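Coordinate analysis (summary)
Listed here are the chains, written in short residue letters.
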Amino acid sequence: MSEQPVAPPPGEPPSQPSAEPPTTEPPAGPPAPPGAGPPGDRARIIVRDDLERSRLTVFFRLLLVIPHLIVLGVFSLLAASIAFVNWFAILFTGRAVGHDMQARYLRYFTHVDAYLNLAANPWPGFEGDPGSYPIDTQVPPAEPQSRWKTFFRLLLAVPALLLGSVFGASGVYGGLGNYRISIGIIGTAAFLGWFAALIRARMPRGIRDLIAYGLGYSVQVAAYVLLVTDRYPNSDPLYHDYGDRPDDHPIRISEDDDRRRSRLTVFFRGLLWLPHLVWLLLWGIVVFFAVIANWFVTLFAGRPAEALHRFNAAYARYLTHNSSYLYLVANPFPSFTGQAGSYPIDLHVAGPERQNRWKTGFRLILALPAMLINSAISNALVFVAVFAWFVGLIKGEIPAGLRNLGVFALRYNGQLFAYLALLTDRYPFSGPSLETVGPEPVVVPERA
């Protein structure tokens, strides 16, 4: 999903970026945490958490965070006041004041949010110092801002706030600090992580990374509304730094989409998809009985039947192709076969392997937490489709951030279906870090 830099030909000097004009002033703002790389153009989450959790502090987390919520409430009033002053300052001078104070607020806000939602374990400090917490915010340096964007800032922020409500990240400022319009993705992941951390004294990697992703979008919305930057919040899950790559998964997704969209097919996408809806329902009926048959085979033999595995894997790919088309994550009209490699957004399913009989016997019960997470993530996919519909009609393309968020949601949905359909007994990985960190993944080949 990520693009790799291309080396220059031998004998030629490396090309220099031309997007930013040269400057003689050093960049303002706080230094980045060690090993985090240069600041991005938007607020960015840096994760350096070891996943270890104290059962005692996890159990009493809501009580322990109360002093920070009080301080955060006072700090939020100060940040809102500075933003009000900055609205006039930018309109007249093009530049904001008090950038360091606002950056400190965004970091402190992230530290408290990470502690409250179990994305990190240590008790945070009250200073919001850069690099002082395992889940940290990298704030871009102060730059001139557009007067027009500033004048209409609250109106322009509406789409970001709507998407933020899916994460549970809207309304993050106010007299009492950290509001939540809905529990959303962050709250769902934190709720499930609370039980996991109490049992294992360790936070599941996927849930931790999913919370970090939600916090990353939350802090970008805050930075935009508080006039820290006029760069629009980026929903791309690939933007943040989640640390080392997690273990590979037998169910993966790939994308080869150029982001261009046909305005005509975008406008009529729902109608064009109707033939696939009929075929999905008919094929799904057969798959339902195939999954039941495969459940008995796997339970007694400890391994799925190869023919049933191939049949269900084809349906899983077809489901991903259709969802990609319906939600505007991809543009071409999909085929009706679910053939591997036939669509820009493709699901890769490993061949049948031995599976744990206990996991097979209690598969539906074990899948309940993943179903809750999938429900929360699927809400984001609906907003991807709505925003992509309008942007696709206007520009004939969709932003990479929306597309990548859609791909992430479809990957998790595909892993959940594969888990329920006994294509694998590996649990769905809820973190976006599966696609984003380290070298390109090696996809386990499918068996013919």
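Being a predicted model, the structure only gives us computed values, none of them experimental.

Let us now look at the overall build of the protein. For the protein, the helix and strand inventory stands at 18 helices and 4 strands. The 448 residues of the protein split such that 51% are buried. Put simply, of all contacts in the protein between residues at least 6 apart along the chain, 77% involve residues at least 24 apart. As displayed, the protein offers around 20800 Å² of accessible surface, 68% of which is attributable to carbon and sulfur atoms.

Moving on: the nonpolar core. Core analysis: the biggest nonpolar cluster contains 91 residues, and Tyr105, Leu106, Ile135, Ile185, Ile211, Ile345 and Ile377 have the highest contact counts within it. The leading source of residues in this core is helix H9 (residues 205-225), at 13 residues. Beyond its immediate stretch of four places on either side in the chain, Ile135 contacts Ile45, Ile46, Val47, Asp49, Thr110, His111, Ala114, Ala119, Ala120, Arg208 and Leu215.

For the pair helix H16 (residues 368-395) and helix H17 (residues 400-420), the least separation of the axes is 9 Å and the interaxial angle reads 145°. Taken as a pair, H16 and H17 cross one another with a handedness that is left-handed. Contacts from Ala370, Met371, Ile373, Asn374, Ile377, Ala380, Leu381, Val384, Phe387 and Ala388 of H16 reach H17 at Leu402, Leu405, Gly406, Phe408, Ala409, Leu410, Tyr412, Asn413, Leu416 and Leu420. When the residues that make up the contact of H16 with H17 are grouped by side-chain class, the tally is 17 nonpolar, 3 polar and no charged.

Attention now goes to the side chain of Thr110. Assignment of secondary structure puts Thr110 in helix H4 (residues 99-116). At 2.6 Å, the side chain of Thr110 forms a polar contact with the side chain of Thr137. Setting aside anything within four residues of it in sequence, one finds Thr110 in contact with Ile45, Ile135, Thr137 and Val219.

Here we take up the pairing of strand E1 (residues 44-47). Side-chain alternation along E1 places Arg44 and Ile46 on one buried face and Ile45 and Val47 on a second face that is also buried. Pairing analysis gives 4 bridges linking E1 to strand E2 (residues 135-138), with the strands arranged antiparallel. Within the sheet, the bridge partner assigned to Ile45 lies in E2 and is Thr137.

Looking now at the confidence of the model for the protein. Reading fine detail from the predicted coordinates is not recommended where pLDDT is low. Of the residues in the protein, 85% have a pLDDT of 70 or more, and the chain-wide mean is 87. Scored below 50 in pLDDT, residues 1-35 makes 26 contacts in the model with residues more than four places away or belonging to other chains. Per-residue pLDDT stays below 50 along residues 170-181; that stretch engages in 43 contacts with residues further than four places along the chain or on separate chains.

Let's shift gears to the packing of aromatic side chains. The full count for this structure, using the stated rule, is 34 aromatic pairs. With 5.4 Å between their ring centres and 70° between their planes, Trp283 and Tyr315 make a pair best called edge-to-face. Of this pair, Trp283 sits in helix H12 (residues 274-301) while Tyr315 sits in helix H13 (residues 306-326), placing them 32 residues apart in sequence. This pair shows no difference in class: Trp283 is buried, exactly as Tyr315 is. When the ring of Tyr325 is compared with that of Phe333, the centres are 5.4 Å apart and the planes differ by 85°; the resulting orientation is edge-to-face. Residue placement shows Arg363 over the ring face of Tyr419; its charged tip is 4.4 Å from the ring centre.

Further remarks concern the pairing of strand E4 (residues 345-349). Of all the 5 residues making up E4, 5 are buried; the element is thus mostly covered by neighbouring parts of the structure. Burial of E4 is two-sided: the residues Ile345, Leu347 and Val349 facing one way and the residues Asp346 and His348 facing the other way are all buried. Taken together, the 5 bridges between strand E3 (residues 251-255) and E4 define a ladder with antiparallel strand orientation. Bridge pairing in E4 places Ile253 opposite Leu347.

Criteria and thresholds
- Residues numbered from 1 in each chain as written.
- Predicted model: local features only at pLDDT ≥ 70, side-chain atom pairs only at ≥ 80, totals over all residues.
- Heavy atoms only, no water.
- Helix = DSSP H or I, 4+ residues; strand = E, 2+ residues; numbered from the N terminus.
- Buried < 20%, exposed > 50% of the residue type's maximum accessible area, 1.4 Å probe, protein only.
- Contact = heavy atoms within 4.5 Å.
- Areas by Shrake-Rupley, 256 points an atom, 1.4 Å probe, with all protein chains shown as cover.
- Core = buried A, V, L, I, M, F, W, Y, C linked by side-chain atoms within 4.5 Å.
- Axes fitted to C-alpha atoms, helices over the stretch in contact; angles between N-to-C directions.
- Left-handed = near helix turned anticlockwise from the far one by under 90°.
- Nonpolar A, V, L, I, M, F, W, Y, C, P; charged D, E, K, R; others polar.
- Polar contact = N/O pair within 3.5 Å; in protein donor to acceptor, adjacent residues only side chain to side chain.
- Pairing = 2+ DSSP bridges.
- pLDDT = per-residue confidence, 0-100.
- Phe/Tyr/Trp six-rings, centres within 6.5 Å; stacked < 30°, edge-to-face > 60°.
- Lys NZ or Arg CZ within 6 Å of the ring centre and 35° of its normal.

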